[in-house]
Amino acid sequence: MAKLYFRYGAMNSGKTANLLMVADNYIKQKKKVVILKPAKDTRWGLQSEVKSRAIVDAFSAELVGTDHNLRELSEVRSIGQKLDAVLVEEAQFLSAAQVRQLALVVDELVLPVLCYGLRCSFMDGKLFEGSEALMYWADTIEEIKNVCQYCNAKATKNLLKINGVPQYEGESDVVMGDVGSEAEIQFTPVCRRHYLNPPA
């Protein structure tokens, strides 16, 4: 039975590596997958690829903007050579409408959809739009665990420091290229205690 999965974790928890291993398993079984990646994700300087620090090879991905209908896109990609699964990198950057479209991919096209991303932004108490929608629509929600940078507690938050100063307000979907090139940007996986009281 096809399901909509949301696999989330704090920064550096291995989400992308997990996605690439799943993709590799499908490919080795001669099955067809498409990897969707929001255009907002500009890490590594890659546009149409997904890469992990833990895996040498990058995998091809299809960039999606906020105006793409993911249900229609999945149906088009399945014509002629039927898809076996849809994988989504950095799913937190999807719109709520796009997450609902992915639910329709599962229900109407009977395809499993596996979404990977952050649950919460660096902003105090804020979920990403895509993550909030996935928490509502997903059939299965799984946490990919990581430990706090400053202790051995479970990392549940993402701390953003710009020039060493913790940030708790601003645009929720900040990526590395968004802040001036002169600024030192650091995202860190942390527990709640160290999110609220980070070491200097």
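First, a word on what this report is: a plain description of the structure on this page. Being a predicted model, the structure only gives us computed values, none of them experimental.

## Quick word on the packing of helix α2 (residues 70–78) against helix α3 (residues 96–109)
Right, on to step 1. Two elements in contact, α2 and α3, have axes whose closest approach is 7 Å; the angle formed by their N-to-C orientations is 40 degrees. In terms of axis orientation, α2 runs oblique to α3. Facing α2, whose interface residues are L70, R71, S74 and E75, α3 presents Q98, Q101, L102, L104, V105, E108 and L109.
Right, on to step 2. Looking at the contact of α2 with α3 residue by residue, the classes come out as five nonpolar, three polar and three charged.

## Concerning the pattern of salt bridges
Right, on to step 1. Inspection of the entire model under this criterion finds six salt bridges.
Right, on to step 2. Notably, a salt bridge pairs E142 with R7, separated by 2.6 Å at the nearest N-O pair. One end of the pair, E142, is in strand β8 (residues 140–143); the other, R7, is in strand β1 (residues 4–8), and 135 residues separate them in sequence.
Right, on to step 3. R71 serves as the salt-bridge partner of E75, at 2.5 Å between the closest nitrogen and oxygen.

## Some points on the side chain of K15
Right, on to step 1. Summarising the element assignment, K15 is placed in helix α1 (residues 15–28).
Right, on to step 2. Despite its burial, K15 pairs with no opposite charge, the nearest such side chain being E90 at 6.2 Å.
Right, on to step 3. Beyond its immediate sequence surroundings of up to four residues, K15 is in contact with R7, Y8, G9, A10, Y116, G117, L118 and I144.

## Remarks on α2
Right, on to step 1. Within the span of α2, buried status applies to L70, R71, L73, S74 and S78. For α2, the angular spread of buried residues about the axis comes to 165 degrees, placing them on one side.
Right, on to step 2. At its buried positions, α2 is contacted by β2 (33–38), β5 (62–64), β6 (85–88) and α3.
Right, on to step 3. With a side-chain oxygen positioned 3.0 Å from the backbone nitrogen of R71, the residue opening α2 is N69.
Right, on to step 4. Downstream of α2 by one or two residues, G80 has phi in the positive range, about 85 degrees.

The rules behind these values
Residues numbered from 1 in each chain as written. Predicted model: local features only at pLDDT ≥ 70, side-chain atom pairs only at ≥ 80, totals over all residues. Heavy atoms only, no water. Axes fitted to C-alpha atoms, helices over the stretch in contact; angles between N-to-C directions. Helix = DSSP H or I, 4+ residues; strand = E, 2+ residues; numbered from the N terminus. Parallel < 35°, antiparallel > 145°, perpendicular 65-115°, else oblique. Contact = heavy atoms within 4.5 Å. Nonpolar A, V, L, I, M, F, W, Y, C, P; charged D, E, K, R; others polar. Salt bridge = Lys/Arg side-chain N within 4 Å of Asp/Glu carboxyl O. Buried < 20%, exposed > 50% of the residue type's maximum accessible area, 1.4 Å probe, protein only. Lys, Arg positive; Asp, Glu negative; His and termini not counted. Arc of directions from axis to C-beta. Polar contact = N/O pair within 3.5 Å; in protein donor to acceptor, adjacent residues only side chain to side chain.

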